[in-house]
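Structural overview for review
Chain by chain, the residues run as shown.
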Amino acid sequence: MMNENEKHPYSRRDFMKTAVKSAVVTSVAMTGFPTIVPASVFGKNAPSNKINIGQIGCGRIARTHDLAETFKYDKARIVAIADLDGNRLKSGKQLVEGWYTKKTGNANYIDIKTYDDYHDLLANKDIDAVMISTPDHWHAQPAIEAALAGKHIYLQKPTSLTIEEGRMMSDMVRKSGVTFQLGSQQRSVNPWPQFKRACELVRNGRIGKLQSVQIGLPADPSGGIATEMPIPANFNYDMWLGSTPYIYYTQDRVHSQTDPESRGGWLRLEQFGAGMITGWGVHHIDIAHWGMNTEHTGPIEIEAHAEFPKEGLWNVHGDYEVHAKYANGVNMVMNSKNPNGVRFEGSNGWIFVSRGNVGVTSTDPGSGGKENKAFYASDPAILTSKIEANEIHLYESPEQHGNWLDCIESGKPTISPAEVAHRSCSACLVAHAAMKSPKKLYWDPKKEVFKDNVEANKLLSRPQRYPYGTNYILGKKS
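Residues numbered from 1 in each chain as written. Predicted model: local features only at pLDDT ≥ 70, side-chain atom pairs only at ≥ 80, totals over all residues. Heavy atoms only, no water.

**Here we look at the overall build of the protein**
Rules: Secondary structure elements follow DSSP: runs of H or I no shorter than four residues count as helices, runs of E no shorter than two count as strands, and numbering proceeds from the N terminus. Each residue is assigned to one of three classes by its accessible area relative to the maximum for its type, calculated with a 1.4 Å probe on protein chains only: buried under 20%, partly exposed between the two thresholds, exposed over 50%. Throughout, a contact is declared for two residues whenever any of their heavy atoms are within 4.5 Å. Computed with a 1.4 Å probe, the accessible areas rest on the Shrake-Rupley method; for each residue, only the protein chains presented here act as cover.
When helices and strands are counted, the protein shows 16 helices and 15 strands. For the protein, the residues scored as buried account for 57% of the 478 residues in total. Pairs at least 24 residues apart make up 72% of the contacts formed inside the protein by residues separated by at least 6 positions. By element, 52% of the accessible surface of the protein is carried by carbon and sulfur atoms, the whole surface being about 20,200 Å².

Structural data, given as structure tokens:
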């Protein structure tokens, strides 16, 4: 039997008490929060005018999307990577160095620093910003720690495992003043300009008064091999579990040891997330909120039902249906039967928008398969309607990562700032809570609590396993 210390090895457990915490205390005493833009980013005497980025997590979404997109910008330079899996750390270093070698023709152009603990990466003062491409249960905590360390943040969706830690994250980003971007790339016109266009048409009344929004999301299958396996020697499994309960290792619970670009089994386990309601839901609810003009609020009534697996390892929801009502009178319906996308329905017509049959990665559910038109309406003339100069023009971002880098330089808000990101995620988590409730729930989006429902409010947070979790960082009880 392992004792508590053996069960929870944490090689850098004093990090927040020393490197970051002491810096933050000093900075708070003087200015309120850490310096927002480190001196290494700008200034005529700086050794480089590039934004030095540390990549946290070197799996599928990092390799095929976040790194791939960021490589395109000369103003940025990947200088470090962190991962709890030694194999991914090694292959990630090779990937980044290989890209720079190919671009510059110089095999010695850069030596990527590697860290098996992201806290050490955050302590590196030469790093100005981080991209966090980790499993869902490891989103809010490193984002909060990055904000405390004064690093700009690009965070993969969803923002948090729970509403409580999502609120902590948004508040900390706001207080620190760092530049934050969520990976809700449907807002940017590259590669999908139709989402912004659809939201502008809706906001400008091209379908009349908005009455309802229909959202279609895929559902994950059950299955998975539950047989206990030895923990790979190259993998810090205890830290990977993080704030969630300790449970034995099996590969289908985590990720492949041979293919870093495959879809991890953690996406299908409630211990680490909520399933497709947050996986794809954050993307489509974010677009619904943008078109509804409800980016800083959430539903007020919600009811749902869902099918959950009765056997197998994977246990996130399968087929489902959610009905949500907003204070502006708009009703939102989400289910696994509708076409994957968002349909805005108004008094004078409707608009449907989606990615078509294209996902971010080839292993995304819904990628490929039968053709799905990306943008159409009850009347084709709606789609070509001109939006006049005196009408509503929404924020235009050419590409999500580029917008983040531009805003680091300018200090302007990104297209997907922390509070907007939190609200799209919290609406998904409220929907997930409704899947667990036998009756309709009434949500207070200002206080972020369910009205008169003790059981539902228990779902706003989760117990956190020491020494991991946002509660321990911020000195709160678990």
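Moving on from the coordinates now.
**Brief notes about the environment of Y118**
Relative to the elements of secondary structure, Y118 occurs in helix α5 (residues 118-122). Residue Y118 is classed as buried on the basis of its relative accessible area, which comes to 7%. Excluding anything up to four places from it in sequence, Y118 contacts I56, A82, W138, Q141, P142, E145 and M239.

**Quick notes on the pattern of salt bridges**
Spelled out, the test is: A side-chain nitrogen of Lys or Arg and a carboxyl oxygen of Asp or Glu constitute a salt bridge if their distance falls within 4 Å.
Inspection of the entire model under this criterion finds 26 salt bridges. Between E97 and K93 there is a salt bridge whose closest N-O contact spans 2.6 Å. Of this pair, E97 and K93 are both found in helix α4 (residues 86-104), four residues apart, which corresponds to roughly one turn of the helix. The salt bridge partner of D171 is R174, with a shortest N-O separation of 3.7 Å. Of the two residues, D171 and R174 both sit in helix α7 (residues 163-176), three residues apart, roughly one turn of that helix.

**Digging into the sheet that holds strand β6 (residues 180-182)**
What counts, and what does not: Two strands pair under a simple rule: DSSP has to find at least two bridges between them. Axes here refer to lines fitted to C-alpha atoms; in helices the fit is confined to the stretch in contact. Angles between the N-to-C directions go from 0 to 180 degrees.
Taking strand neighbours across the sheet as the criterion, the six strands line up as β3-β2-β1-β4-β5-β6 in an open arrangement whose pairing is parallel. In the strand order of this sheet, the two ends are held by β3 (113-115) and β6, each with one partner. Across this sheet, the average inter-strand angle for adjacent strands is 25 degrees, counted without regard to direction. Pairing between strand β1 (residues 51-56) and strand β2 (residues 76-82): six bridges, direction parallel. Residue pairing in the sheet places I56 in a bridge with A82 of β2.

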